[in-house]
Amino acid sequence: MNKKLIIFHIFFLSVFTFLIYSNTIKGEFLFDDEHFIVRNPYIKDWSCIKEIFFTNVTSGIGFKDNFYRPLSIFVWLLINKTFGLNPVAFHLTNIFTHIASGLLIYLILLYLFKNRWSAFFGGAFFLVHPLQTESVSYASGLGDLLSFLFLLIAVYSYLSLRGTKSRGNLVFYYLIFCISAILAMLAKERAVMLVFLLPLFELSFLKPEADKKGRILQLVTYGFVILIVACWFYLRSTALTSQNTFNFYSTQNIYSTNILVRIYTFFYAFLVYMKLIIIPYPLYMERSIPVFTSLFYPQVFIGFCALLFGFILAIHSFYRKRVFFFTYFWFLIALAPTSGIVPVNALLMEHWLYFSLFGVSVFIAYLVKKHNNLKNIFLVCILILGFVTFNQNRFWKNGYVFFQHTLKYNPDSIAANNNFAMALVDKGELDKAVYHYKKAISLNDTFPQPHHNLARIYIAKNDLKSAFKEYYRTLEINPDFVFTHQDLANIFSQLGDKQKAEYHRKKIQEILKTRD
């Protein structure tokens, strides 16, 4: 192979990707960064290592959640102890991790297709597609990036393991595979799908092992993956200080309790995903789609037919080149954890496609090899995608720009209204902030945060009567909302009401004690 061309490809992919994400480097912490990073005591002290690996992501600030991602938190700890709580360091980490994944995809595609331009365009598609911005431009998106990077290392080491006969290399690649598989699952939950993705590689691209030792090693490898997946499920079900560790809904509804409803809704979500891959516009957080209760809604039925048609093509492909077979099933298997099989905390998110887009990259690589004369067209498409990504990144500049953009497309997002109001407070626009807090409350008055934040504005305006009304409504919704107790303890202390101040201090101690 032309090594100079390979080096040029790697250099170009690295530099081009860095350039299109360069406008995110000075971006502020946004949205969940506040809980996962900024206020998380676990990333500020080495003594919290045990808590990092045996509690949920936000337990450090007294919250209960269903996320078990100790490796991501540990990396944030390393960043914070090395560079401080500087967003630049966190964003650079995301960019370099994303680039590393893209280069690994290049090497994997080179191994599969033995074609440098196929590998180049497949890797470029993954690196520059605008859908990736939600993972790369968002400091809290590190979980996706780290998990996928280690999953790719596991895949590449497995391919190398299957292709070598040297005993020394076998031991080396097997150790790399085991370590990276474990790290992938500790970075984010989705990596447990490796237990299905490895056999998919076998079926699609690898010849059956001819000798007995090779088959034994293959079984041992699969056995190890099954073992660590079982260990992961055990850790996740015991480490989390949460009651429903595999259900993200504290209050049950028709979507969370009915798997058919979740499947019907996914049929429509699949159509949205396909559209976003082909035409990645508009892109924004806090997407909302309807919950569907029947297969016979037009958009649901079309989604079902699209999936069925894809399945038929995939089975047909299995008896030919098997590339589309791989693409179709990789896409769906990687997406399965957020497809509604398990009721998660949203119906559709752009960053849920981060893993799945690798399957599309493989198909792009195959098309380039099959239609080599269309390289210029593919290059133009990559440059257009890169421009769209660069343009999309500008919305991740700060909370004000980010949530204003989100509300443009989803004005009824509770989280976006609440967070945009917080950004308005930072700009001193209190009256506008009050409007958006009240709108968030009017949309769904079951969240304590808008009331708590609204109370703080009334405090700033010296309107204690309205502030107390909002604080007490906060505690009606969530009696254990520790931040409200902290505010009330301070307010009553300043007012000289020692009895009430002491009451709220004791409540704070009780709440934190139950979360230890």
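Counting starts from 1 at the beginning of each chain's written sequence and moves along it residue by residue. Thresholds applied to this predicted model are a pLDDT of at least 70 for local features of residues and 80 or more for the giving and counting of side-chain atom pairs; totals over whole chains, interfaces and linings are not thresholded and use all residues. Heavy atoms throughout the structure, all of them, feed into the side-chain values; hydrogens and water do not.

1. Quick word on the overall build of the protein
Along its length, the protein carries 24 helices and zero strands. In this description the radius of gyration comes from C-alpha coordinates, and the expected globular size is given by 2.2 Å times residues to the power 0.38. Taken against the 2.2 N^0.38 rule, which gives 24 Å for 516 residues, the C-alpha radius of gyration of the protein at 25 Å falls within 12% of a compact globule. Overall, the C-alpha framework of the protein stretches about 80 × 45 × 45 Å when taken along its three principal axes. Note on contacts: a residue pair qualifies if any of its non-hydrogen atoms lie within 4.5 Å across the two residues. Of the contacts formed within the protein by residues at least 6 apart in sequence, a portion of 71% connects residues at least 24 apart. The Shrake-Rupley method, run with a 1.4 Å probe sphere, supplies the accessible areas, and residue values consider only the shown protein chains as cover. With an accessible surface of roughly 24,000 Å², the protein has 64% of that area assigned to carbon and sulfur atoms. We treat Lys and Arg as the positive residues and Asp and Glu as the negative residues; His and chain ends play no part in the count. For this purpose, a charge sits on NZ of Lys, CZ of Arg, CG of Asp or CD of Glu. Each charge class in the protein was averaged separately, 49 positive and 29 negative side chains, and the resulting centres sit 13 Å apart. In this text, helices come from DSSP runs of H or I with a minimum length of four residues, and strands from runs of E with a minimum of two, each type numbered from the N-terminal end.

2. Some details on the side chain of serine 147
Among the structural elements, serine 147 can be located in helix α8 (residues 142–163). Polar contact is defined as a pair of N or O atoms within 3.5 Å, subject to the rule that within protein one atom must be able to donate a hydrogen and the other to accept it, and that residues adjacent in sequence are counted only when both atoms are side-chain atoms. Within the structure, serine 147 has its side chain in polar contact with the backbone oxygen of alanine 184 (distance 2.9 Å). Discounting chain neighbours no more than four positions away, the residues touching serine 147 are Ala184, Ala187, Lys188, Ala191 and Phe355.

3. As for helix α6 (residues 116–128)
Because each turn of an α-helix spans 3.6 residues, side chains separated by three or four positions end up pointing in the same direction. Over its 13 residues, α6 extends 18 Å from the first C-alpha to the last, a length consistent with the 18 Å expected when each residue adds 1.5 Å. With respect to burial, α6 is a largely interior element, 11 of its 13 residues being buried. Those residues of α6 that fall on the buried side of the exposure criterion are Ser118, Ala119, Phe120, Phe121, Gly122, Gly123, Ala124, Phe125, Phe126, Leu127 and Val128. Buried residues along α6 sit against α1 (3–21), α5 (87–113), α8, α13 (259–278), α16 (357–370) and α17 (375–393). Its side-chain oxygen 3.0 Å from the backbone nitrogen of tryptophan 117, asparagine 115 forms the N-cap of α6. For a helix, the expected span equals 1.5 Å multiplied by the residue count minus one. The rule is simple: take the accessible area with a 1.4 Å probe, protein chains only, and divide by the maximum for that residue type; under 20% is buried, over 50% is exposed, in between is partly exposed.

4. Some points on the pattern of salt bridges
One speaks of a salt bridge when a side-chain nitrogen belonging to Lys or Arg is within 4 Å of a carboxyl oxygen belonging to Asp or Glu. For the structure on display, the rule yields 11 salt bridges. Between aspartate 412 and lysine 439 there is a salt bridge, and its shortest N-O distance comes to 3.9 Å. Residue aspartate 412 is located in the loop between α18 (399–409) and α19 (414–426), and its partner lysine 439 is located in helix α20 (residues 430–443); the two are separated by 27 residues in the primary sequence. Salt-bridge contacts for arginine 473 lead to glutamate 476; the nearest nitrogen and oxygen are separated by 3.0 Å. Placement of both arginine 473 and glutamate 476 in helix α22 (residues 464–477) is noted, with a separation of three residues, approximately one turn of the helix. Judged by relative accessible area, which is 25%, arginine 473 ranks as partly exposed. Salt bridges sharing common partners tie together Asp445, Arg473 and Glu476.

5. Considering a positive patch on the surface
Surface patches are drawn from residues lacking salt bridges whose relative accessible area is over 30%; two like charges belong together within 9 Å, two nonpolar side chains (Val, Leu, Ile, Met, Phe, Trp, Tyr) within 5 Å. A cluster of basic side chains, namely Lys114, Arg320, Lys321, Lys369 and Lys370, defines a positive patch on the protein surface. Along the chain, lysine 321 turns up in the loop between α14 (298–318) and α15 (323–335). Under the relative-accessibility criterion, lysine 321 is labelled exposed at 60%.

6. Re unusual backbone geometry
Tyrosine 281 connects to proline 282 through a cis peptide bond whose omega is -10°. Along the chain, proline 282 falls in the loop between α13 and α14. For lysine 114, which is not glycine, the phi torsion reads 55° and is therefore positive.

7. Notes on the packing of α1 against α17
Every angle, taken between N-to-C directions, lies between 0 and 180 degrees, and every axis is a line fitted to C-alpha atoms, over only the stretch in contact when it is a helix. For the pair α1 and α17, interaxial distance at closest approach is 8 Å and the crossing angle is 35°. Contacts from Phe16, Leu19, Ile20 and Tyr21 of α1 reach α17 at Ile382, Leu383, Gly386, Thr389, Phe390 and Asn393. Under this grouping Gly is polar, as are all residues other than the nonpolar Ala, Val, Leu, Ile, Met, Phe, Trp, Tyr, Cys and Pro and the charged Asp, Glu, Lys and Arg. Of the residues that constitute the contact of α1 with α17, the class distribution is seven nonpolar, three polar and no charged.

8. Concerning the environment of alanine 346
Turning to its location among the elements, alanine 346 is positioned in the loop between α15 and α16. Residue classification places alanine 346 among the buried positions, given a relative accessible area of 16%. Considering only alpha carbons, one finds alanine 346 and isoleucine 289, 57 residues apart in sequence, at a separation of 9.5 Å.

9. Structural notes on the packing of aromatic side chains
Here the aromatic set is Phe, Tyr and Trp, taking the six-membered ring for Trp, and pairing holds for ring centres within 6.5 Å; pairs whose planes are under 30 degrees apart are stacked, those over 60 apart are edge-to-face, and all others are tilted. Under the criterion given, the structure shown has 55 aromatic pairs. On the basis of an interplanar angle of 15° and a centroid distance of 5.1 Å, the ring pair of tyrosine 284 and tyrosine 409 is categorised as stacked. Taken together, the residues tyrosine 284 in the loop between α13 and α14 and tyrosine 409 in helix α18 connect sequence positions 125 residues apart. Aromatic pair phenylalanine 301 and phenylalanine 304: ring centres 6.2 Å apart, planes at 40°, arrangement tilted.

10. What about α20?
Under the 1.5 Å per step criterion, the end-to-end length of α20 is 20 Å for 14 residues, consistent within 8% with the ideal 20 Å. Turning to α20, its buried residues are Ala433, Val434, His436, Tyr437, Ala440 and Ile441. The secondary structure elements touched by the buried residues of α20 are α18, α19, α21 (448–460) and α22.

11. Remarks on the nonpolar core
The term nonpolar core refers to a set of buried residues drawn from Ala, Val, Leu, Ile, Met, Phe, Trp, Tyr and Cys, joined through side-chain atoms within 4.5 Å. Counting 157 residues, the largest nonpolar core has Trp76, Phe148, Leu151, Phe201, Trp330 and Phe358 as its most contacted members. With residues up to four places along the chain from it excluded, the contact list for phenylalanine 201 reads Ile108, Leu112, Val155, Leu159, Leu206, Phe326, Trp330 and Phe358. Membership of the second largest hydrophobic core comes to five residues, among which are Phe481, Val482, Phe483 and Ile511.

12. Some points on the packing of α14 against α15
Viewed as axis vectors pointing N to C, α14 and α15 meet at an angle of 135°, and their least axial separation amounts to 7 Å. When the interaxial angle is binned, α14 and α15 end up oblique. Considering only the axes of α14 and α15, their crossing is left-handed. Where α14 approaches α15, its residues Leu307, Gly310, Phe311, Leu313, Ala314, Ser317 and Phe318 are matched on the opposing element by Val323, Phe324, Phe325, Tyr328, Phe329 and Leu332. Residue classes in the contact of α14 with α15 are distributed as 11 nonpolar, two polar and no charged. These descriptions rest on fixed angle ranges, namely under 35 degrees for roughly parallel, over 145 for roughly antiparallel, 65 to 115 for roughly perpendicular, and the rest for oblique. Crossings are assigned a handedness: left-handed for a near helix turned anticlockwise from the far helix by less than a right angle, right-handed for a clockwise turn.

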